Amino acid sequence: LVDLSAVEGTPYYLSPECISEGAYLDNRTDIYGLGATLFHVISGVPPFDYDGLMKVVEARLKEAPPNVCEIAPYIDKGIGDILMTMMAKDPDDRYVTFDECRTDMLRIVNGEQPKLVNKKRQKANE
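Residues numbered from 1 in each chain as written. Predicted model: local features only at pLDDT ≥ 70, side-chain atom pairs only at ≥ 80, totals over all residues. Heavy atoms only, no water.

A.B. asks: Tell me what's going on with the confidence of the model for the chain, and back it up with residues and numbers.
C.D. replies: Averaged over the chain, the pLDDT score is 85; the fraction of residues at 70 or greater is 86%. Across the chain, the secondary-structure element scoring lowest on mean pLDDT is helix α2 (residues 53–62), at 82, and the one scoring highest is helix α4 (residues 77–86), at 96. (pLDDT = per-residue confidence, 0-100. Helix = DSSP H or I, 4+ residues; strand = E, 2+ residues; numbered from the N terminus.)

Now the structure itself:
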């Protein structure tokens, strides 16, 4: 773990790699943060809502992201799937670009299912 005094950001919204020493940070880190923020806005509670900074940090590293639909069952399953993809522990399991994420959100608006992330896909940043 990184020295927590050197970490910049709000612990509830930091990606796991933000609190791992020597980790590579890119736009997928920001996608995680946006997913965590949307989770909080939709459900009323932040993901990994634990007492104490160390519990939040530890959960971020060890636990899979929570499903917003379990906290807010009125949310469309597709939105829950998109948020879980945005907050995947492994950056390779997240959207690579915000455009991929936006496109899946627009699919929900249009009554379609999101495509989410295919790990074998050609990535926009490759």
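A.B. asks: Report on helix α1 (residues 27–43), specifying residues and quantitative values.
C.D. replies: Its 17 residues give α1 an end-to-end C-alpha distance of 24 Å, which sits within 8% of 24 Å, the value for a rise of 1.5 Å per residue. Looking at α1, one finds that the buried residues are Arg28, Thr29, Ile31, Tyr32, Gly33, Gly35, Ala36, Phe39 and Ser43. Within two residues after α1, Gly44 carries a phi angle of roughly 90 degrees, on the positive side. (Expected span 1.5 Å × (residues − 1). Buried < 20%, exposed > 50% of the residue type's maximum accessible area, 1.4 Å probe, protein only.)

A.B. asks: An account of the packing of α1 against α4 is requested, with residue identities and associated values reported.
C.D. replies: Here α1 crosses α4 at 140 degrees, and the two axes come no closer than 8 Å. By the angle between their directions, the pair α1 and α4 is classed as oblique. Note on packing geometry: the crossing formed by α1 with α4 is left-handed. The segment α1 lies against α4, with Ile31, Tyr32, Leu34, Gly35, Leu38, Phe39 and Ile42 engaging Ile79, Leu83 and Met86. Looking at the contact of α1 with α4 residue by residue, the class counts come to nine nonpolar, one polar and no charged. (Axes fitted to C-alpha atoms, helices over the stretch in contact; angles between N-to-C directions. Parallel < 35°, antiparallel > 145°, perpendicular 65-115°, else oblique. Left-handed = near helix turned anticlockwise from the far one by under 90°. Contact = heavy atoms within 4.5 Å. Nonpolar A, V, L, I, M, F, W, Y, C, P; charged D, E, K, R; others polar.)

A.B. asks: Give me the side chain of Asp26: which residues, what numbers.
C.D. replies: Within the element layout of this structure, Asp26 appears in the segment before α1. Side chain to side chain, Asp26 and Arg28 meet in a polar contact 2.8 Å long. (Polar contact = N/O pair within 3.5 Å; in protein donor to acceptor, adjacent residues only side chain to side chain.)

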